Every structure is written in structure tokens, then in C-alpha cells.
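Chain by chain, the residues:
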Amino acid sequence: DQQVKQNSPSLSVQEGRISILNCDYTNSMFDYFLWYKKYPAEGPTFLISISSIKDKNEDGRFTVFLNKSAKHLSLHIVPSQPGDSAVYFCAAMPDRGSTLGRLYFGRGTQLTVWP
Amino acid sequence: DVKVTQSSRYLVKRTGEKVFLECVQDMDHENMFWYRQDPGLGLRLIYFSYDVKMKEKGDIPEGYSVSREKKERFSLILESASTNQTSMYLCASSLGTLPGQPQHFGDGTRLSIL
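Residues numbered from 1 in each chain as written. Chains lettered and ligands numbered in written order. Predicted model: local features only at pLDDT ≥ 70, side-chain atom pairs only at ≥ 80, totals over all residues. Heavy atoms only, no water.

## Digging into the overall build of chain A
- A tally of regular secondary structure across chain A gives zero helices and eleven strands.
- Taken from N to C terminus, the helices and strands of chain A fall in the order β-β-β-β-β-β-β-β-β-β-β.
- Relative to its length of 115 residues, chain A is compact, with a C-alpha radius of gyration of 14 Å against a globular reference of 13 Å.
- Considering only C-alpha atoms, chain A reaches an extent of 45 × 30 × 20 Å along its principal axes.
- Residue burial in chain A is summarised as follows: out of 115 residues, 46% are buried.
- Summing over all exposed atoms, chain A offers an accessible surface of approximately 5,400 Å²; the carbon and sulfur share of this is 49%. (Helix = DSSP H or I, 4+ residues; strand = E, 2+ residues; numbered from the N terminus. Rg over C-alpha atoms; globule rule 2.2 N^0.38 Å. Buried < 20%, exposed > 50% of the residue type's maximum accessible area, 1.4 Å probe, protein only. Areas by Shrake-Rupley, 256 points an atom, 1.4 Å probe, with all protein chains shown as cover.)

Structural data, given as C-alpha cells:
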């Protein structure tokens, strides 16, 4: 059963505009949320994370928003650039019990930024 | 920077062969992970390890085993390769002493079983 869901398999955005990637989760034990970016033929690269005690974390052009009551998070990229074209994975991590350190991944969203 | 190195980028093996995929990390991380990535299915966890000689099953361990004899090295073993194990295999590591630590990935091994 998928505990982390990315319901949009793809997103297409014009260069310079905002990209919004969405993620939903079902497990209330998740305490940390991470976003990864993956180019073809490379491993995923860690992008940004957020703890459940926060509702926003920002790093340059990337901002992650967390709505715990809705079990929803989103990644905003502003402004979008062609180099941002990649698959983006949402991941969640519980902070209790024997699963410390394990990540639960969504299936990914392919972002295409066109000029 | 954390460096996770997977021994092969591409590998072609035959059905029934025993296949070894090797992964080495250079940051003294406690945790190591093996995933496979298939189109439309995202990253699925096969096995992980919190310490030397320790292993735990992930979501899809069937047909696989692992070995962690040294802290920096985590091996994935396909006991008798089958065509449905053709996939991209990704190794990752993370620091195990603090909560919320990100996993760092290698560049993957694309394995084809003929």
C-alpha cells in the first residue's frame, strides 16, 4: 500500500514560471519529509527537507510547504529553469521505532521546463 | 561530499546466474540501503542495514539477499537471477545517529537479465 503518493506523473511548465509539485501521505507517524531530484542515468540527489514541526522551509529557488492536518506537502520552484527538468521524488521518514532512517518514496513526478 | 560508489554502471547476466552488486560509501555512515527503480513504480526498498552484519527486509526482498561484512560496504545478491529482476538498482547511505538525515545515492547499476 502506497504511503506516499504523488498523483501527478508529469508536469510541464514554462521557463521563469512557478513549478508546484504535490505529495500526499497517509501515515501520521511520518516526521520528516524530503524531496529528491533525479536525472536520467544518475542517482537521486537530495534537494530539500522539512521537519513536521515546521510548515515551510526555503532554500534558494526551492520552498517546501507542509500541511500536517491535510497530510500534504508541496515543492515550489521559482523561477523554473530548463535545468530543473528531472523526476522529483517525495519521501517521508518516521522518527520512531526500528524504522529510523528508512524513507518511503512516492512514485515521482516528471517535471519538464520548456523555454 | 558524501560519495556512494556502485561497482558497475551496466551489467548483463543470464537467467539462473548468481549476481553480486557492490556498493561502497566513504562517509562512515551507519545506514545503507538497496532499492530498485522501475518505470511508474518509483523507488522500492529491497533491503537495508543499520550496522555491520545486520540486515532488515524492505518491501520487496524476495529473490535477493544482502551482505554487510564491513561498515562501508553493502552487497546485494541475486541468488538465481530471473528476467523480472531486470531493473535499475540504487544503493544509498545515511548517517544513523540523528533523526531526519537524508540518504545519499550512488549513480545506480542498470542490470539486464537475459
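Structure shown, so let's carry the discussion forward.
## Concerning the nonpolar core
Residues and elements named next belong to chain A.
- Ranked by internal contacts, the top residues of the largest apolar core, which has 24 residues, are Val 4, Phe 33, Trp 35, Leu 73, Leu 75 and Tyr 88.
- Breaking this core down by element, the ones donating at least two residues are β3 (19-25), β4 (30-38), β5 (45-51), β7 (62-67), β8 (72-77), β9 (86-94) and β11 (109-114).
- If we skip the residues at most four places from it in the chain, Leu 73 touches Leu 21, Asn 22, Cys 23, Tyr 25, Phe 33, Trp 35, Val 64, Phe 65, Leu 66 and Cys 90. (Core = buried A, V, L, I, M, F, W, Y, C linked by side-chain atoms within 4.5 Å. Contact = heavy atoms within 4.5 Å.)

## Details of the environment of A:Asp24
Residue and element names in this part refer to chain A.
- By secondary structure assignment, the location of Asp 24 is in strand β3.
- Sequence separation between Asp 24 and Ala 70 is 46 residues, and the spatial gap between their C-alpha atoms is 8.2 Å.
- Apart from residues no more than four positions distant in its own chain, Asp 24 is found in contact with Gln 3, Val 4, Lys 5, Asn 7, Lys 71 and His 72.
- Engagement of the side chain of Asp 24 in a polar contact is seen with the side chain of His 72, the distance being 2.8 Å. (Polar contact = N/O pair within 3.5 Å; in protein donor to acceptor, adjacent residues only side chain to side chain.)

## Some remarks on the state of the cysteines
- Considering all chains together, one arrives at two disulfides over all chains under this definition.
- Between the sulfur of A:Cys23 and that of A:Cys90 lies a disulfide, 2.0 Å long from S to S. The S-S bond linking A:Cys23 to A:Cys90 shows a torsion near -75°; that makes this disulfide left-handed. With a gap of 67 residues between them, A:Cys23 in strand β3 and A:Cys90 in strand β9 connect regions that are remote in the sequence. Neither residue differs from the other here; A:Cys23 and A:Cys90 are each classed as buried.
- Paired through a disulfide, B:Cys23 and B:Cys91 show a sulfur-sulfur distance of 1.9 Å. Handedness of the B:Cys23-B:Cys91 disulfide follows from its S-S torsion of about -80°: it is left-handed. Linking B:Cys23 in strand β3 (residues 19-25) with B:Cys91 in strand β9 (residues 87-94), this pair joins segments that are 68 residues apart in sequence. Across this residue pair, the class does not change: B:Cys23 and B:Cys91 are buried. (Disulfide = S-S within 2.5 Å.)

## Some points on the interface of chain A and chain B
- On the chain B side, the residues contacting the 21 residues of chain A number 24 residues.
- When chain A packs against chain B, the two sides together hide about 1,800 Å² of surface, and 57% of this comes from carbon and sulfur.
- When the buried area of chain A at its contact with chain B is split by residue, A:Arg102, A:Phe105 and A:Arg107 rank highest and sum to 28% of it.
- Summed over the shared surface of chain A and chain B, the result is one salt bridge.
- The salt bridge partner of A:Arg102 is B:Asp59, with a shortest N-O separation of 2.7 Å.
- In this assembly, chain A and chain B are joined by six residue pairs in polar contact (both at pLDDT 80 or more). (Buried area = accessible area lost by both parts, 1.4 Å probe. Salt bridge = Lys/Arg side-chain N within 4 Å of Asp/Glu carboxyl O.)

## Considering the sheet that holds strand β6 (residues 56-59) of chain A
- Spatially, the five strands line up as an open sheet ordered β1-β3-β8-β7-β6 (chain A), and their pairing is antiparallel. Looking at the sheet topology across the chains shown, the edges are occupied by β1 (4-5) and β6 of chain A. (Pairing = 2+ DSSP bridges.)

## Comments concerning the packing of aromatic side chains
- Counted under the stated rule, the structure contains 15 aromatic pairs over all chains.
- Where A:Tyr36 meets A:Phe46, the ring centres are 5.9 Å apart and the plane angle is 65°; that geometry is what we call edge-to-face. Remark: A:Phe46 occurs in strand β5 and A:Tyr36 occurs in strand β4; sequence separation between them is ten residues.
- Residue class for A:Phe46 comes out partly exposed when judged on its relative accessible area of 29%.
- Between A:Phe105 and B:Tyr35, the aromatic rings sit 5.5 Å apart at their centres with planes inclined by 90°, giving edge-to-face as the arrangement. A residue pair is termed interchain when its members come from two chains, as with A:Phe105 in strand β10 (residues 104-105) and B:Tyr35 in strand β4 (residues 31-38). Across the pair, B:Tyr35 and A:Phe105 agree in class, each one buried.
- Every member of this aromatic cluster is reached through a ring pair, and the members are A:Tyr36, A:Phe46, A:Phe89, A:Phe105, B:Phe33, B:Tyr35, B:Phe48, B:Tyr50 and B:Phe105. (Phe/Tyr/Trp six-rings, centres within 6.5 Å; stacked < 30°, edge-to-face > 60°.)

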